[in-house]
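Topology and contacts: notes
The primary structure of each chain is shown beneath.
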Amino acid sequence: IIPGAGSRKRVPLTVPGRKKACGALSIIAEEVHGTSDSVQLQLSAKKLANKDGWFGKSDPFFVISKQQSGGQWVKCHESKPIMDNLNPNWASMTITTRKLRGNDPYRPLRFDVVDLSIITI
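We now turn to the structure provided with this report. (Residues numbered from 1 in each chain as written. Predicted model: local features only at pLDDT ≥ 70, side-chain atom pairs only at ≥ 80, totals over all residues. Heavy atoms only, no water.)

**Some details on the layout of surface pockets**
By volume, the largest pocket amounts to about 520 Å³. As for the largest pocket, its lining consists of 24 residues, and the residues nearest its centre are L13, T14, F111, D112 and V113. Only β1 (8–13), β2 (23–31) and β7 (109–115) provide two or more residues apiece to the lining of the largest pocket. The leading source of residues in the lining of the largest pocket is β7, at seven residues. Taken together, the residues that form the lining of the largest pocket break down as 17 nonpolar, two polar and five charged. (1 Å grid on protein atoms, 1.4 Å probe; cavity = no way out; pocket = protein on both sides within 12 Å on 5 of 7 lines; lining within 4 Å. Points joined across faces, edges and corners; volume = space filled by probe spheres on them. Helix = DSSP H or I, 4+ residues; strand = E, 2+ residues; numbered from the N terminus. Nonpolar A, V, L, I, M, F, W, Y, C, P; charged D, E, K, R; others polar.)

**Looking at the packing of aromatic side chains**
Throughout the structure, instances matching the rule amount to one aromatic pair. Centroid distance F62 to W90: 5.1 Å. Interplanar angle 80 degrees. Geometry classified as edge-to-face. Pair noted here: F62 is in strand β4 (residues 60–67) and W90 is in the loop between β5 (73–78) and β6 (93–96), with a separation of 28 residues, a long-range link. The buried category is assigned to W90, whose relative accessible area is 3%. (Phe/Tyr/Trp six-rings, centres within 6.5 Å; stacked < 30°, edge-to-face > 60°. Buried < 20%, exposed > 50% of the residue type's maximum accessible area, 1.4 Å probe, protein only.)

**A look at the pairing of β5**
Here β4 pairs with β5 via five bridges, running antiparallel. Bridge pairing in β5 links S65 to K75. Turn length for the β4-β5 hairpin, with the two strands adjacent in sequence and antiparallel, is five residues, and the turn residue G71 shows positive phi of about 100 degrees. (Pairing = 2+ DSSP bridges.)

Spelled out as structure tokens, the structure:
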């Protein structure tokens, strides 16, 4: 769910199978003036779980996926990771509504926060 322009939304981050939230994602949405086909987002998270053990901190990045008509999720944006940070503030970004949600204001979006160290090459 994307909040309306100029609003803020705080979403708890959960791990499947666990009841307690492992952090929170803050979403601030703002419509870019002069055009109605872009959205500016500023995302941050607080108190993320440390996935790098005792000797480091997680390197989080976020992935935005949109749901297709058949129900499958397709990645439409991925941020750069912020190294060694459990309270990241990602750079502001502008994304077209076509890329983000196919110009469908009711298309579901999913925001996932991922640790770079769990990605295998």
